[in-house]
Amino acid sequence: MDNVEVMVVGAGVIGLAIAARLSEAFDDVLVIDKNTKFGEETSSRNSEVIHAGIYYPQNSLKAKLCIQGKAMLYRYCQKRHIPVKKIGKLLVAQGGLEEAYLRQTLISAKKNGVDDLTWLDQARLQVLEPELNATAALHSPSTGIIDSHAYMRSLLTQAEQNNAMFVAQTKMVSAKPIPGGYEVNLDSQGELSSIRCKYLINCSGLHSEKLAQTIEGLDKSYIPKLHWCRGHYYSYQGKSPFKQLIYPVPRDNGLGIHASFDIGGQLKFGPDTQYIEQLAYDFPENLKAKFIQQISLYFPNVVAEKLQPAYAGIRPKLQGAGDVFQDFVIQTSDEHHLEGLVNLFGIESPGLTASLAIAEYVADKLKVV
Ligand SMILES: Cc1cc2nc3c(=O)[nH]c(=O)nc-3n(C[C@H](O)[C@H](O)[C@H](O)COP(=O)(O)OP(=O)(O)OC[C@H]3O[C@@H](n4cnc5c(N)ncnc54)[C@H](O)[C@@H]3O)c2cc1C
């Protein structure tokens with residue numbers, strides 16, 4: 001049976017960032033993914049926004065790792081020539097109640113360490129974004145967009161340069177603790193095998209709860225329930241009416257249907273929130289009216305015919321519909337008492353932004369230098 005020091009299950013942005021980081025300390029890091037390529041699930045079905053870190057409760061992992069990760073990510077992109085644009089974002093209010101939310105956000109963001117937000121009144125907004133309808137907005141200059149695929153490719157290259165190996169079409173089926181590590185059972189297109197590792201890192205995104213259930217000896221009380229929440233995007237044909245990202249105030253357990261661009265400049269609107277029981281990237285036909293209604297609040301001249309269904313992504317959420325805020329959960333032996341095992345649960349937004357900081361956090365918890 002083969003031996004590796006580190007086995008990373010899942011080659012999304014989190015698994016790749018962790019593999020890149022741990023490969024600096026270990027010679028044999030193995031990353032597996034059940035799909036044919038890296039990053040085929042949530043990591044390639046998101047808004048590709050580098051978040052500033054303004055929404056999350058003080059001292060939460062989401063706040064800390066987003067702000068730390070944002071700085072690390074901009075530096076990483078510059079060093080490795082990953083396409084990125086710090087284009088800024090407007091968080092927009094419609095009337096007094098939402099302006100009160102902005103005022104509150106200004107204070108809480110500052111407590112989190114985001115001190116570059118500025119208040120823009122309606123007159124100023126008219127000049128900056130004439131197509132925008134809003135009574136006030138917060139401007140976040142550190143928000144940006146990234147080519148997430150180029151970023152993931154770079155993480156994999158970095159890991160491979162440090163001798164890490166990526167094996168696709170290989171699924172972890174189960175694992176059990178053995179002296180000094182784990183024996184992990186794999187299924188590579190019907191061919192079954194086992195491998196030993198010292199560290200086992202579960203970053204399987206939407207599947208992390210189910211995967212954790214297959215690890216012998218892991219007390220089930222440490223495995224939280226995941227809720228799958230799908231979000232849909234429409235692309236918008238023609239020239240963008242906006243120069244920067246436009247976000248309404250958050251609603252329905254998501255950040256609200258916002259206007260963002262991919263790195264090529266294509267404008268898109270989304271995502272909405274729809275809790276689902278089965279994993280499926282279906283795009284219901286009846287969503288357009290809801291999108292038009294929400295977009296027209298801040299973009300009254302939206303043209304329905306220019307909206308085309310684009311794609312859907314699924315959030316691995318720890319909160320169900322109507323539940324209160326839930327933080328990222330990153331468990332090591334400090335929590336579950338199984339040496340060398342790391343489980344990551346609920347790595348929804350801002351996971352892409354926070355990816356490098358999450359990798360550093362895992363390295364710290366494992367006391368890897
Ligand atoms: C709609 C939406 C919008 C978002 N927008 C943003 C944003 O703008 N900015 C931001 O910072 N974040 C955003 N996010 C969050 C971000 O996309 C995620 O946090 C991040 O992609 C999670 O990466 P991951 O590696 O944990 O998961 P994934 O990318 O899902 O990777 C998990 C991998 O594990 C593999 N796997 C699963 N089970 C097994 C197994 N048994 N054996 C082998 N492999 C397995 C899967 O095939 C998959 O490739 C958004 C998310 C969504 C859904």
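Residues numbered from 1 in each chain as written. Predicted model: local features only at pLDDT ≥ 70, side-chain atom pairs only at ≥ 80, totals over all residues. Heavy atoms only, no water.

A. Here's a closer look at the side chain of Asn-202. Considering the arrangement of structural elements, one finds Asn-202 in strand β12 (residues 191-202). A polar atom in the side chain of Asn-202 sits 2.7 Å from the side chain of Ser-204. Within polar-contact distance, the side chain of Asn-202 engages the backbone oxygen of Ser-208 at 3.2 Å. Setting aside residues no more than four positions away along its own chain, Asn-202 makes contact with Val-9, Ser-208, Leu-211, Ala-212, Val-342, Asn-343 and Leu-344. (Helix = DSSP H or I, 4+ residues; strand = E, 2+ residues; numbered from the N terminus. Polar contact = N/O pair within 3.5 Å; in protein donor to acceptor, adjacent residues only side chain to side chain. Contact = heavy atoms within 4.5 Å.)

B. Local environment of the pattern of salt bridges. Using the criterion set out here, one finds ten salt bridges in the structure. Residues Arg-21 and Glu-24 are paired through a salt bridge, measuring 3.3 Å at the closest nitrogen-oxygen approach. Look at Arg-21 and you get buried, because its relative accessible area is 11%. The exposure class of Glu-24 is exposed, given its relative accessible area of 51%. (Salt bridge = Lys/Arg side-chain N within 4 Å of Asp/Glu carboxyl O. Buried < 20%, exposed > 50% of the residue type's maximum accessible area, 1.4 Å probe, protein only.)

C. Here's a closer look at the pairing of strand β20 (residues 341-345). In terms of burial, β20 is a largely internal element, five of the five residues being buried. Burial along β20 is two-sided: Leu-341, Asn-343 and Phe-345 and Val-342 and Leu-344, pointing in opposite directions, are all buried. With three bridges joining them, β12 and β20 adopt parallel strand pairing. Bridging across to β20, Leu-200 finds its partner in Leu-341. (Pairing = 2+ DSSP bridges.)

D. Layout of the sheet that holds strand β4 (residues 84-85). Reading across from one edge, β3-β8-β4 is the order of the three strands in this open sheet, with antiparallel pairing throughout. Edge positions in the open sheet fall to β3 (49-50) and β4, since each of these has one partner strand only. By the bridge criterion, two bridges tie β4 to strand β8 (residues 144-146) in an arrangement that is antiparallel. Note that in β8 the partner of Lys-85 across the bridge is Ile-145.

E. Broad picture of the environment of Lys-317. Topologically, Lys-317 is positioned in strand β18 (residues 307-317). For the pair Lys-317 and Ile-292, spaced 25 residues apart in sequence, the C-alpha separation works out to 26 Å.

F. The arrangement of the site of the ligand in detail. Residues in close proximity to the ligand total 38 residues, the closest being Asp-33, Ser-43, Val-49, Ile-347 and Thr-353. Thr-353 places a polar side-chain atom, nitrogen or oxygen, 2.7 Å from an oxygen atom of the ligand. In isolation the ligand exposes 1,000 Å². Once the protein is present, 98% of that is buried. Along the lines of polarity and charge, the residues of the shell around the ligand split into 14 nonpolar, 16 polar and eight charged. Counting contributing residues, the shell around the ligand receives three or more from each of domain 1 (2-45 + 150-225 + 325-365) and domain 2 (86-142 + 226-317). (Near = heavy atom within 4 Å. Areas by Shrake-Rupley, 256 points an atom, 1.4 Å probe, with all protein chains shown as cover. Nonpolar A, V, L, I, M, F, W, Y, C, P; charged D, E, K, R; others polar. Domains from an automatic or database assignment.)

G. View of helix α3 (residues 96-112). Taking 1.5 Å of rise per residue, the 17 residues of α3 would be expected to cover 24 Å, and the 24 Å separating its terminal C-alpha atoms lies within 8% of that figure. By the burial criterion, the buried members of α3 are Glu-98, Glu-99, Leu-102, Thr-105, Ala-109 and Asn-112. End-on view of α3: buried residues confined to an arc of 130°, all on one side of the axis. Those residues of α3 that are exposed and aimed more than 90 degrees away from the buried face are Gly-96, Leu-97, Lys-110 and Lys-111. Residues of α3 that are buried in the fold lie against α2 (61-80), β5 (89-93), β6 (118-121) and β7 (136-140). Once α3 ends, the next one or two residues include Gly-113, with phi positive near 105°. (Expected span 1.5 Å × (residues − 1). Arc of directions from axis to C-beta.)

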